[in-house]
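Close look at the chain arrangement
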Amino acid sequence: MKLALAVILPLLASLVNLDGPGHYVNIGVISISVANLLVIILMAIVFILAVALPFPHKKEHGA
Amino acid sequence: MTVMEDRDREAIVAGLPEDRDMWTNKLRRKFYGKLPPEKLLPDRQPSYVSSWIYVFGVLTLSALAVVLLSGALLALKGPDWWHNSPEGHFVNSLHLWSVELFFFFMVIHLWGKFFMAAWRGKRAWTWVTGMVAFLVSVGTAFTGYVSQQNFDSQWISTQGKDGLNAAGVGALFNVLNFGQMLMWHILLLPLVAGVIIVIHVLMVRLRGVVHPFAPKGAKTHPADDAPWTGKYRRYDILKEGTTALVIVFVLTLLFSIVFSSPDDKQVTLQQWAQNDPVDFVTTATGELSGSTTSASYGYPYNNVPGSGQKLGPISLPSIFGVTIPVNPAQDFVLRPLSTIAFDPSLTSALSTYNGAGSAQQTKWLDNYTKALNNAKAVNGGVVVSSGNYGPLPVMMGALLKMADNGGLEASLVANHGFYGTDYTKPLLFLADGSYLANIAQKDHLLGTQWGMMNETGSYPGQAWLWLYTFWYQVQPFASSGNADVMVWALMILLSLVMIAVPVIPGLRTIPEKVKVYRFIWKDYYREEEKAKV
């Protein structure tokens, strides 16, 4: 089990290698890593989708 | 059968008439009256609770459950496990990604509640506890980042200490002390966060979710603090919670498998001595001459007149004084050298140095410091042009050798009582040189590079620290000698404003004016329009 983990996990973890040098967006005084920027953009997109997408309706009852 | 067993639930809660004055009886009646089981575990929600934005509260709690579970495993097994075994590193990845998801969901939850003006109808305390939970979570995450025991944690702690020390809290909250930080991270702060989150959830159950703003021309819309009189829908709170937990766990698992987590090894004094001996010896010489940052730092490490940051006329660090005594010349150089045995030339050099007057010592140090500007590293040692340096070359050669074989690190960490992993001294010494900062610069971690919110490699870091990091980039903070204490004061003020939004005129009416709520409660408003027609 331990051996399997030792072999499989690093292999899976290397599917997308984030250990390489980071990339940064620099605009004026702002300097943000692409990873952080993606997280913030994704957060904004998810928020917009959460308020815009229709919510599945269930049976309603009176008060 | 006891007296109680044949009574109905209400009577059991009420207790016997003669017990009404008992504290326990009073508390039970009050709790049951405010939070009966149907409120704690509801199966109905007002029908306007029909938007995806409502799921982010439970997603946040689910992410917190994964954070706690993975964190408990890491705490039980220890740093060696999470650094050096594949399964430990994988659990470390689970912890990192669940934390990222926790903040991701919590921020969206917070935005949603802001645009609903969710503090209306006597729900201000729900907002306040939510905001405080967010701020405590930021602090808890920070202690986690400095507890990693890798390069990232070393760098963050050496940088973060300045803000904490300037605000006066460094005396009780030493980010360079791994043991103390781990205690804050796994026990004290989670306890505070846990209590606040439980109160927050109970407040939500007690007051219910805030009503939509009244539609235009509505005559029968219930007041914000009145019970909802409209339609209800089925709501299985446990099913929703379980589904959210499964979703969050699968996401965490997926991110951990695909992305793993960063773990650049710690920088040691040994590594510094071997890779940049000139910088090492220059820094050690600076410690002796009192020209390094640590030597002139002030509170909480030493008492240096005129040092330390001030907020106007107030010096917050001076309230507690010297609580973590550090004498760089003695602690980083002279005392470790005095522990080296069986080296007659070093014993003689130390005796010469300690026996010389301060004017003589200063002359040797000045000469040696100037010579180090053109020094060369040869065969692991440092070579300078010949000059009048007194015993310094012998002393520095011995200190370099001591660091090279790992002895200096052990010497600086030793004798700390309960916390045997207090890295205050080695980290202060390391941060006085330029070796650590050079590595940090390559990883885009310097303060001028918005480093506090960055991670090593291409991983997302503490993006939630963006505002704190931002202030350091703009005037007057960027060029102020009191930047840390000013930024801290500003952030505390802004945090208080965020907490107090429900009572701040202008700010509390923004949601009603920007009308994002029209999208959140679109189904409800559509139904109301239909009903009018």
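Being a predicted model, the structure only gives us computed values, none of them experimental.

1. What to know about the overall build of chain A
When helices and strands are counted, chain A shows two helices and three strands. Sequence-ordered secondary structure for chain A, helices as α and strands as β, is α-β-β-α-β. Considering chain A as a whole, with its 63 residues, one finds that 22% of them fall into the buried category.

2. Things to note about the nonpolar core
All names here are of chain B. Formed by 82 residues in total, the largest nonpolar core has its most connected members in Ile53, Phe103 and Trp521. Not counting the four nearest positions on each side in its chain, Trp521 is found in contact with Tyr48, Tyr54, Met116, Arg120, Val210, His211, Pro212 and Phe213. Among the nonpolar cores identified, the runner-up in size contains 52 residues, and Ala329, Leu334, Trp364 and Ala375 belong to it.

3. Some words on the domain arrangement of chain B
For chain B, the domain assignment lists domain 1 (1-34), domain 2 (45-264 + 500-532) and domain 3 (269-442). Look at where the C-alpha atoms of domain 1 of chain B and domain 2 of chain B centre, and you get two points 36 Å apart.

4. Brief notes about the pattern of salt bridges
Residues and elements named next belong to chain B. For the coordinates displayed, the defined rule picks out five salt bridges over all chains. Linking Arg335 and Asp331 is a salt bridge whose minimum nitrogen-to-oxygen distance equals 2.4 Å. On the criterion of helical spacing, the pair formed by Arg335 and Asp331 is a turn pair, its members being four residues apart in helix H13 (residues 328-338). Residue Arg335 is classed as partly exposed on the basis of its relative accessible area, which comes to 44%. Accessibility expressed as a relative area gives 7% for Asp331, which makes it buried. The salt bridge involving Arg526 is made with Asp523; its shortest N-O contact spans 3.3 Å. Of this pair, Arg526 and Asp523 both sit in helix H24 (residues 522-532), three residues apart, which is roughly one turn of that helix.

5. A closer look at helix H19 (residues 435-442) of chain B
All names here are of chain B. For H19, every residue scored as buried is listed here: Tyr435, Leu436 and Ala440. The buried residues of H19 occupy an angular sector of 135° when projected down its axis, which confines them to one face. Buried-residue contacts for H19 involve helix H8 (151-166), helix H11 (269-275), helix H12 (277-289) and helix H18 (424-432). Directly after H19, the chain includes His444, whose backbone phi takes a positive value near 60°.

6. Regarding the environment of B:Thr60
Residues and elements named next belong to chain B. Tracing the sequence through the fold places Thr60 in helix H4 (residues 55-77). Spatially, the C-alpha atoms of Thr60 and Ser98 are 9.7 Å apart, while their sequence positions differ by 38 residues. In terms of polar contacts, Thr60 uses its side chain to reach the backbone carbonyl oxygen of Phe56, at 2.5 Å.

7. A few points about the interface of chain B and chain A
The partner chain A presents 42 residues to the 48 residues of chain B that form the contact. Both faces considered, chain B and chain A share a buried interface measuring about 4000 Å² in area, 68% of it formed by carbon and sulfur atoms. If you sort the residues of chain B by the area they bury against chain A, B:Trp52, B:Phe104 and B:Ser458 come out on top, with a joint share of 16%. Our enumeration of links across chain B and chain A arrives at zero salt bridges. The interface formed by chain B and chain A holds twelve residue pairs in polar contact (both at pLDDT 80 or more) in total. Elements represented by at least two residues in the side of chain B that touches chain A include exactly helix H6 (86-115), strand E2 (232-234), helix H10 (237-259), helix H23 (517-520) and H24 of chain B. When residues of the side of chain B that touches chain A are assigned to their parent elements, the largest contribution, nine residues, is made by H6(B). For the side of chain B that touches chain A, the residue count by class is 25 nonpolar, 14 polar and nine charged.

8. Section: the side chain of B:Ser137
Residues and elements named next belong to chain B. Tracing the chain through its elements places Ser137 in helix H7 (residues 124-145). Ser137 sits in the buried class, given a relative accessible area of 6%. Non-local contacts of Ser137, meaning those with residues more than four positions away in its chain, are made with Phe102, Phe103 and Met106.

9. Examining the pairing of strand E2 (residues 30-33) of chain A
Residues and elements named next belong to chain A. Strand direction decides the pairing type here: strand E1 (residues 24-27) and E2, joined by four bridges, are antiparallel. Counted as the bridge partner of Ile27 is Ile30 from E2. The hairpin formed by E1 and E2 contains two residues between the paired strands, and Gly28 there has a positive phi angle of roughly 60°.

10. Topic: the environment of B:Ile520
Residue and element names in this part refer to chain B. Tracing the chain through its elements places Ile520 in helix H23. Residue Ile520 is classed as buried on the basis of its relative accessible area, which comes to 0%. Between the C-alpha atoms of Ile520 and Ser70, which are 450 residues apart in sequence, the distance is 34 Å.

11. Let's talk about the packing of aromatic side chains
Residue and element names in this part refer to chain B. Here the structure, examined in full by the defined rule, presents 35 aromatic pairs over all chains. Measuring from ring centre to ring centre gives 5.4 Å for Trp97 and Phe259, while their planes differ by 40°; the resulting arrangement is tilted. Taken together, the residues Trp97 in helix H6 and Phe259 in helix H10 connect sequence positions 162 residues apart. Under the relative-accessibility criterion, Trp97 is labelled buried at 7%. With 6.1 Å between their ring centres and 55° between their planes, Trp450 and Phe470 make a pair best called tilted. Remark: Phe470 occurs in helix H20 (residues 466-471) and Trp450 occurs in the loop between H19 and H20; sequence separation between them is 20 residues. Using a relative accessible area of 5% as the deciding quantity, one classes Trp450 as buried.

Criteria and cut-off values
- Residues numbered from 1 in each chain as written.
- Chains lettered and ligands numbered in written order.
- Predicted model: local features only at pLDDT ≥ 70, side-chain atom pairs only at ≥ 80, totals over all residues.
- Heavy atoms only, no water.
- Helix = DSSP H or I, 4+ residues; strand = E, 2+ residues; numbered from the N terminus.
- Buried < 20%, exposed > 50% of the residue type's maximum accessible area, 1.4 Å probe, protein only.
- Core = buried A, V, L, I, M, F, W, Y, C linked by side-chain atoms within 4.5 Å.
- Contact = heavy atoms within 4.5 Å.
- Domains from an automatic or database assignment.
- Salt bridge = Lys/Arg side-chain N within 4 Å of Asp/Glu carboxyl O.
- Arc of directions from axis to C-beta.
- Polar contact = N/O pair within 3.5 Å; in protein donor to acceptor, adjacent residues only side chain to side chain.
- Buried area = accessible area lost by both parts, 1.4 Å probe.
- Nonpolar A, V, L, I, M, F, W, Y, C, P; charged D, E, K, R; others polar.
- Pairing = 2+ DSSP bridges.
- Phe/Tyr/Trp six-rings, centres within 6.5 Å; stacked < 30°, edge-to-face > 60°.

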